[in-house]
Amino acid sequence: MGAGAARRLDRRVSVPVDTGLRAAARIRAEADGRGISRLPVLEGEGPLAVRRIRGAAGQARVALVGAMSAPLGGDRLTVTAEAGPGARLDVTSTAATLALPGRPKGPAHYDVRLSVEEDAELNWAPEQLISAYGSELRVTTRAEVGAGARLLLREEQVLGRAGEQPGTLTSRLTVRCEGRLLLDQELACGPGAPGGWDGPAGLAGHRAIGQLVLVRPELGQHPVRARMLGELAAVTPLAGPGLLVTAVAPDALRLRRVLDEAVGVVGG
Amino acid sequence: MHLDHSHASDGPAALSADAVRPDGRRRALRIGLGGPVGSGKTATVAALCRALRDELSLAVVTNDIYTREDAAFLLREAVLPPERIMAVETGACPHTAIRDDISANLEAVEDLETVFAHEGVGPLDLVLVESGGDNLTATFSRGLVDAQLFVIDVAGGDDIPRKGGPGVTTADLLVVNKTDLAPYVGSDLQRMARDAKEQRAELPVVFQSLRSPAGVSEVAAWVRERHAAWTAA
Amino acid sequence: MSRATLLVLADGRFPAGGHAHSGGAEAAVAAGRVTGAADLAEFCRGRLHTSGLVAAALAAAAALGTDPLQLDEAADARTPSAALRTAARKLGRQMMRAARATWPSAELDALASARPRGAHQPVVLGLAARSAGLGPEDAAYVAAYESVSGPATAVVRLLSLDPFDATAVLARLAPDLDRVAADAAECARRVPEEGVDALPASSAPLLDIGAEAHAAWAVRLFAS
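On a predicted model such as this, the values are computed, not experimentally measured, just so you know.

Draft legend 1. Representation of unusual backbone geometry. Here the phi dihedral of Ala204 of chain A falls at roughly 50°; this positive angle occurs in a residue that is not glycine. Within the secondary structure layout, Ala204 of chain A lies in the loop between strand E14 (180-189) and strand E15 (208-215). Looking at Ala204 of chain A, the number of C-beta atoms within 10 Å reads 22, which means it is buried. Although it is not a glycine, Ala201 of chain B adopts a positive phi angle of roughly 50°. As for its position among the elements, Ala201 of chain B is in the loop between helix H8 (189-200) and strand E7 (205-207). What makes Ala201 of chain B exposed here is the crowd of 8 C-beta atoms within 10 Å.

Draft legend 2. Structural view of the UniProt feature "binding site: GTP" (unreviewed entry) in chain B. Residue and element names in this part refer to chain B. Sites flagged by UniProt as "binding site: GTP" (unreviewed entry) map to Gly35, Pro36, Val37, Gly38, Ser39, Gly40, Lys41 and Thr42. With respect to the element layout, Val37 can be found in the loop between strand E1 (29-34) and helix H1 (41-52). For Val37, a count of 12 C-beta atoms within 10 Å gives the class exposed. Structurally, the position occupied by Thr42 is in helix H1. Take Thr42: there are 23 C-beta atoms within 10 Å of it, and that puts it in the buried class. Sequence-distant contacts of Thr42, defined by excluding residues within four places in its chain, comprise Asp70, Phe73, Leu74 and Glu130.

Draft legend 3. Layout of the nonpolar core. Residue and element names in this part refer to chain C. Grouped together as the largest cluster of nonpolar side chains are 227 residues, with contacts concentrated most on Ala56, Ala57, Leu58, Ala59, Ala140 and Ala184. For this core, the element with the most residues is helix H3 (residues 37-64), which contributes 16 residues. Sequence-distant contacts of Ala184, defined by excluding residues within four places in its chain, comprise Leu53, Ala56, Ala57, Ala60, Ala140 and Ala144.

Draft legend 4. Main features of the interface of chain C and chain A. Across the boundary between the two partners, chain C contributes 37 residues, which contact 32 residues of chain A. When contributions to the side of chain C that touches chain A are tallied by element, the ones reaching two or more residues are H3, helix H4 (68-77), helix H5 (82-102) and helix H11 (205-216) of chain C. When residues in the side of chain C that touches chain A are grouped by element, the largest group, 9 residues, is from H11 of chain C. The residue makeup of the side of chain C that touches chain A, split by class, is 18 nonpolar, 7 polar and 12 charged.

Draft legend 5. Main features of the packing of helix H8 (residues 136-159) of chain C against helix H9 (residues 163-172) of chain C. Residue and element names in this part refer to chain C. One can describe the packing of H8 onto H9 by two numbers: an axis separation of 9 Å at closest approach and a directional angle of 165°. What the angle tells us is that H8 and H9 run roughly antiparallel. The way H8 lies across H9 gives a crossing that is right-handed. Facing Val148, Ser149, Ala152, Val155 and Val156 of H8, the residues of H9 in contact are Pro163, Ala166, Val169 and Leu170. Tallied by class, residues from the contact of H8 with H9 come to 8 nonpolar, 1 polar and no charged.

Draft legend 6. The arrangement of the environment of Ile53 of chain A in detail. All names here are of chain A. Mapped onto the elements of the fold, Ile53 is located in strand E3 (residues 48-53). The exposure class of Ile53 is partly exposed, given the 13 C-beta atoms found within 10 Å. In this structure Ile53 touches Arg61, Val62 and Ala63, once residues within four positions along its chain are discounted.

Draft legend 7. Examining the arrangement of the chains more closely. The chain pair with the greatest number of contacts, out of 2 pairs of chains in contact, is formed by chains A and C. At their nearest point, the C-alpha atoms of chain A and chain B are still 15 Å apart, with no contact between the two.

Cut-offs and rules
- Residues numbered from 1 in each chain as written.
- Chains lettered and ligands numbered in written order.
- Predicted model: local features only at pLDDT ≥ 70, side-chain atom pairs only at ≥ 80, totals over all residues.
- Helix = DSSP H or I, 4+ residues; strand = E, 2+ residues; numbered from the N terminus.
- Buried ≥ 20, exposed ≤ 12 C-beta atoms within 10 Å, placed from the backbone.
- UniProt positions renumbered as here; feature names shortened; annotations may be inferred.
- Contact = placed C-beta atoms within 7 Å.
- Core = buried A, V, L, I, M, F, W, Y, C linked by C-beta atoms within 7 Å.
- Nonpolar A, V, L, I, M, F, W, Y, C, P; charged D, E, K, R; others polar.
- Axes fitted to C-alpha atoms, helices over the stretch in contact; angles between N-to-C directions.
- Parallel < 35°, antiparallel > 145°, perpendicular 65-115°, else oblique.
- Left-handed = near helix turned anticlockwise from the far one by under 90°.

Right under this line is the structure:
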């Protein structure tokens, strides 16, 4: 079934042909004071369906369910995930997100807003984002981390489906800790990206890129030691209470392997 | 080593080889050692450290071609504790780091001075800056060192003093090293002395063999004199 | 502005420590990613549009008078590699020494006192340009050009590359350099309205990964 057909099957969201679709998902976890995290807000629509799944003891766990292929050109999708004071929230997804070319010209936007309030913990580790040939997607991920809070954020980008040329993908990832900027990183790849993106300074032909950000209060006083994980991935302490793992790999499978290894090494 | 922002009260750092540190104290005497590859610079530095470490508070800055080789040698030989040895990276151009762009070396020297000024063991008296093995043209900037010695050896050819070059001609002290090898390599020490005199006029020359009983003593005496003059100034 | 002053600041022989850094080229050469002039050109192009653009924008913002400590924090966040932060501060300290000797100013002294271990090099460079009476475009040009001239000279030494080829690589990057400097200055002009988030944060994954690999080597020719 093509993306267009899938789109027509969804009745809950109107799809103006010219402007693309707008959809939002909101997740909020709150601690109930007895060690259990509840989900007072759990809303999704269209391509952004959300479902509660079984998590670790006391933890609230949510999966983003790939209800249809999205985003397409012109779409604007927003996911907001909040862990209230002391809450523990884990967000995953059931399938990779596929960026496809759409009928309305212009880029699709995918915005992720994460908020980890005081002493809360959020794990944000959805499946890969795949940038299909001809697509144009702008991803922005903003995380705000409060005092004593913990964040694990994993992002994986795959350029092109198997054997396919990549689409155009730009992403900006910012992490703030108690209002202070900890990480601000942009990446641009694919046709139309500034020159050299696939050269020896950029990706050198690798088609999967991953980042793992870990914010832990204790990392401020005791930063992680910078180290390599093989030839194509590095762990580095950030200038504040966090660390970053950056990895490139020939494909999604090998990227996941090295990021999983990284979690083992840095104690995700 | 404790080099954090806590020293900010000293005001902005020194710019060049000012004799007085930002904290108002007179800084350590800085002596550069240059000379071609294999002439025995590092061995001379090691011998000087052994000769002087009981009377002067000493530190060494090395300028290696490959990051830390000379520094590693000095550490292995245990001539000074590790906190007194610092390596400067030179990007394959050791002469640039001591002459054209001395900023990294100045920072290394100042960092050593600052650490010792703040850590209770007392300020440094002398910093030896060893150049990476280079060629006959490499000399130290006057913005980096107060005096420099140039080390050549008899095995490098007894015509080196005659050929001259900035190091041989202008160094405050010319050291002709490995004199014990002269008979084996057919070097004429008298000729070397004559040529050196011609090139250098009144500037001193020392012939030394680190294997002889006298070892580095003449060079050490020259350094002592320099230090006495520096502290008296 | 004085064009001659710009030449003094942009001169590769300006004594601010750049000669000991390869801008990631030593790691790329060792990994086999740069083997000749064509790879060098792509390496430089990639570096220019990522860390070169970020450096140029920081320098332009500093030249415009944005608080250098705020820019220093913005530079930290845009430099996730600890090895590259160390190199940037080391070079910033060296640039500060040269700048205070050549174009003394109270603003330079204040930053030197606030960051005795060195502020990020592009921030110091921008403030040096300001002290020298240069403008944001000038500062952006110097930072952008340094982001490619450093690797090019390093690769001449590392691969014994024909220096004419390396210089030709730089010459062919001129249109890209013009665009990056203009973009950088434009972003910097938005800072008073929008804050430092208006500055670009472009990154190149293999520069960050390669920097950490390089920092772990026991033996290397270049400091970064």
